[in-house]
Structures are given as C-alpha cells and as structure tokens.
Amino acid sequence: MKRSVFVRFLATAALSATWAVGPPSAYADSRIIMDYDNDYIVNYNQGERSYRSHRLYGLPGQQFTDLDGDLQDGTPLDPNDPNETAYIGNDDSHYILNFSLTDPLNPDDYHTISFGDEGGYDTSLPGAVFYGDIEANFYNVNARAPHNGNHWSQGTVQAESQAGGGPDPDDYFSTLSFFSYWKEANPLNFPGDQSDDVNDWAATFIWIQEDFFNGANDRRLEFDPNSYIKVRSIRDWNVEHARPVIRNGDQFYVADRDWDPLPGTWAVLETVFNPFDLNWAEYNPAATDFNFDQDAATYLDPALGEVVLDNITAVGMYFDRDTADTNTPHAMKFSDFEVFANVVTHNADVNNDGNVDIGDMAAIGAQWKTPGHLPFNADVNDDGLVDIADMALMGAQWGTPGGQSGDSSGASFRGAVVPTPIAAMSGAGLIGALALRRRRDHA
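**Q** What is the right way to read helix H4 (residues 388-396) from this model?
**A** Residues lying three or four places apart along an α-helix face the same way, a consequence of the helix completing one turn every 3.6 residues. Among the nine residues in H4, eight count as buried, and that is most of the element. Where H4 is concerned, the buried positions are Ile 388, Asp 390, Met 391, Ala 392, Leu 393, Met 394, Gly 395 and Ala 396.

**Q** What is the right way to read empty space enclosed by the protein from this model?
**A** One way to see where empty space is left: roll a probe the size of a water molecule over the atoms. Per the stated rule, a full pass over the model turns up one cavity of 30 Å³ or more. Around the largest cavity sit Arg 219, Arg 220, Val 344, Asn 347, Asp 349, Val 350, Phe 376 and Asn 377, which together line it. Of the residues belonging to the lining of the largest cavity, the class tally is three nonpolar, two polar and three charged.

**Q** Explanation requested: unusual backbone geometry in the structure shown.
**A** In terms of backbone geometry, most residues other than glycine have negative phi values and most peptide bonds are trans. For the bond running from Leu 374 to Pro 375, omega is 10°, close enough to zero to count as cis. Tracing the backbone through its elements, the reader meets Pro 375 in the loop between helix H3 (358-366) and H4. With a phi angle near 55°, Asn 352 is a residue other than glycine that sits in the positive phi range. Classification of Asn 352 as buried rests on a relative accessible area of 15%. The phi dihedral of Lys 369 is positive, around 65°, even though this residue is not glycine. Its place among the elements puts Lys 369 in the loop between H3 and H4. We classify Lys 369 as partly exposed; its relative accessible area is 46%.

Conventions used here
- Residues numbered from 1 in each chain as written.
- Predicted model: local features only at pLDDT ≥ 70, side-chain atom pairs only at ≥ 80, totals over all residues.
- Heavy atoms only, no water.
- Buried < 20%, exposed > 50% of the residue type's maximum accessible area, 1.4 Å probe, protein only.
- Helix = DSSP H or I, 4+ residues; strand = E, 2+ residues; numbered from the N terminus.
- 1 Å grid on protein atoms, 1.4 Å probe; cavity = no way out; pocket = protein on both sides within 12 Å on 5 of 7 lines; lining within 4 Å.
- Points joined across faces, edges and corners; volume = space filled by probe spheres on them.
- Nonpolar A, V, L, I, M, F, W, Y, C, P; charged D, E, K, R; others polar.

Written as structure tokens, this is what we have:
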C-alpha cells in the first residue's frame, strides 16, 4: 500500500512538472564519440605493436600460389634446397588478416605479451581497441619468406616522432600504419627480377559502439548537419582510395569520396568530412572478402532521404589500391581519427520507429529502474535511470514522431510537439496506468 502511494506521488510530481513547463523536447546533445588520439605506445621504441600481435589466428595467407592465372605458382623444385626455400617462389602470394568485429585488429596489450618491461601497446586508453582487416596480393614477387607470419613490410601501430621530437617518449604520438610493398626501403626483401612485380591491397580500421566514449556507448547515435569525421596527420605512398566507413544499425556503408587530394609522401593533412555532404554505398565485408568495389557501388544521398543515418554503431576508415602497381612503394599512415555525432536524448521514440506509442511504453517497462541499454535506451532524459520522469516525457510526446522539429542546433529530430494540455493528459493516462499496475502487483 505504501509503495502505491509513493508511485502515485511520483506520478503527480511528474505530471505537475509537465503542466508547469510544457512538454520537454529532444535537443541536440552532440559530442566527440570516438577519438584515436593518445600515445598508445609504452616505451616508444620497444615491445610488440603488430596488428593482432601474437594471437593464434594462423598464418595469414598463402605462399606458392597462382593469383594471376599464368599457371605458375613458384613452388621450389627442391624443397630441401635452402637457396630455393629461403624465398617465396617466383610467382604469387596472398596474405590476409581476416575481417572481424570480435577479434580486435589492434596489437595485444603489453601486459599480456611476454616482453617483460620493454613496453608495447596499451589497450586501456580510450580508442585503443579497434577492429577490421588487412589483405595484400603479390604477383610475380620473389620475396623473402614472412617474418613472424607477416609478409608485408609493416603492419603496426608506430611511435611517430613529432616535429622537433627527440628520444623523450613525450615527443611521440601513435600512427596506424600499413606498408604492403616497400621494396625501395628494403631491397634485400625483393631480390631477383623486379620488372613485373606488382601488388594490390585493402585495409579497414573500425571502432565499434561498445568502445565509444563520452557516454556514446549505450545510447542511440545519429549524424546531423553538425556532425563530422576528421582524420589528421596522414601520409600515403600510392594509396588509391581512402574513405570513411560507418555502420548504421547492422549495415555498413562506405562514402563516395576520398581525401582530395590524398596527402602524398611525407605530407601531413587534416581532412574533415560532413556525413551529410557524402553519399554512401552499402558495404558487406566478409571474413576473407572485404574489398570494396567503388566502381560497381550504388551511392545513396542522405540529404534526399535515400539513406537515414540515425543509428550509428561503428565508424572507421577504408583504404585500398585496386590497380596493381609495379615497382613503387605501397604504404599508408594515419592518426587522430575523430568522430563528432549527436547522442539522442529527450526523444521518447525509444524504438526509433517514427512514432511515440505503445512500443516505446513497452521498452520503458522492460528497462524500468535500470540505467537503460542498447539497442534502444529507454532512459529518455539521460539521467541514468529509467523511471517516472521518462514516462512523463513519453506522455508529453505521445502520438508524435518524438522530439521537436526545427531544433535550433540543427539536429535531425523529426515531428512536432503536441499542445501542452493534450500532452499532459497523455502523460497522466500513462503514469496512472503504471501506478495502477504497481498497486495490483502489490495487492
């Protein structure tokens, strides 16, 4: 009995607030949701920093294979002759770290690999954990056998000296790097006839929502006109494509635009993308098939409503060179990847179906007295608890698309707010129903 009285008291208080100030509305609560911008390297010149480090993911690829259909695979005539087996055969090879959203691509934490006090990669820092893939195809390349299972010249998080930097670790920052083909820097790795040596490759770096920060890990996220994707301090050697990649709900998309221009050898460039200025094509990466076909893609325009970016669950960058290129270095480095997006609050369309209705009330009921959780967080007012205040907000927006249209901040919320008396009556009915249910439950 006492509990029912208390629930009715809360209902009355919430309803009084609704009448007094009018129906609360959604507002843009934009913030940085991901920023790969730390010095992730402990003891900057020591420790293992290779992608996936020492995890037992298997040898990443094939030696002695025929990729170009010339019916030669370079198999040594005498497998016992060290002069023949010291190198990958005279033909093709394929190396890959499979696409995965469960096995991180980042190096292992330096606490978990056996390098003593030498240091390595620190996964405890914000943004340190990322996922994705890397693949490189080598045609007619007589290359040294892979070192520690990696054929490419470099696949690491690198400690990069800042301008004027010296041996002090504070003078360094971390870059994500991939050197698939670096013959000019390492001529001993590519002996013999190099006239027909060619290489193509692809790499994706993805951060997923459970690792987002600033409170973005457990609420619905959307891009609005103020959102951006920023990449700073990158360099490239013969990279063909470098594009943002996102996931909306369960569907990945790749943008239609590269860095323009790509920064070039030893260049430093900051590039800012507005997601609404880009068109997006569906991207469906699989474990061993994740190359994005830019030419065959169908691009969708968010400004025309062809794609709605209202449930962002992953962000990242996609790189590749599809055109097999002869006798030039292939490499990329980037750092300081930052994403600014809208964290949806005060919008009672909890299940994001375009209408505040019984489905949203059910979501609130299912998450009652919890902090709320994904995929659709019912903590409408973002105070850390699903309770009577969230019911009041839902009542104020009942029968609308939720939130408030024309928000001065430019947020992409939909719909209009119903008049205050109607909203308050809706809130009264919903809150009363909840109080009645509680009373019956405790009769």
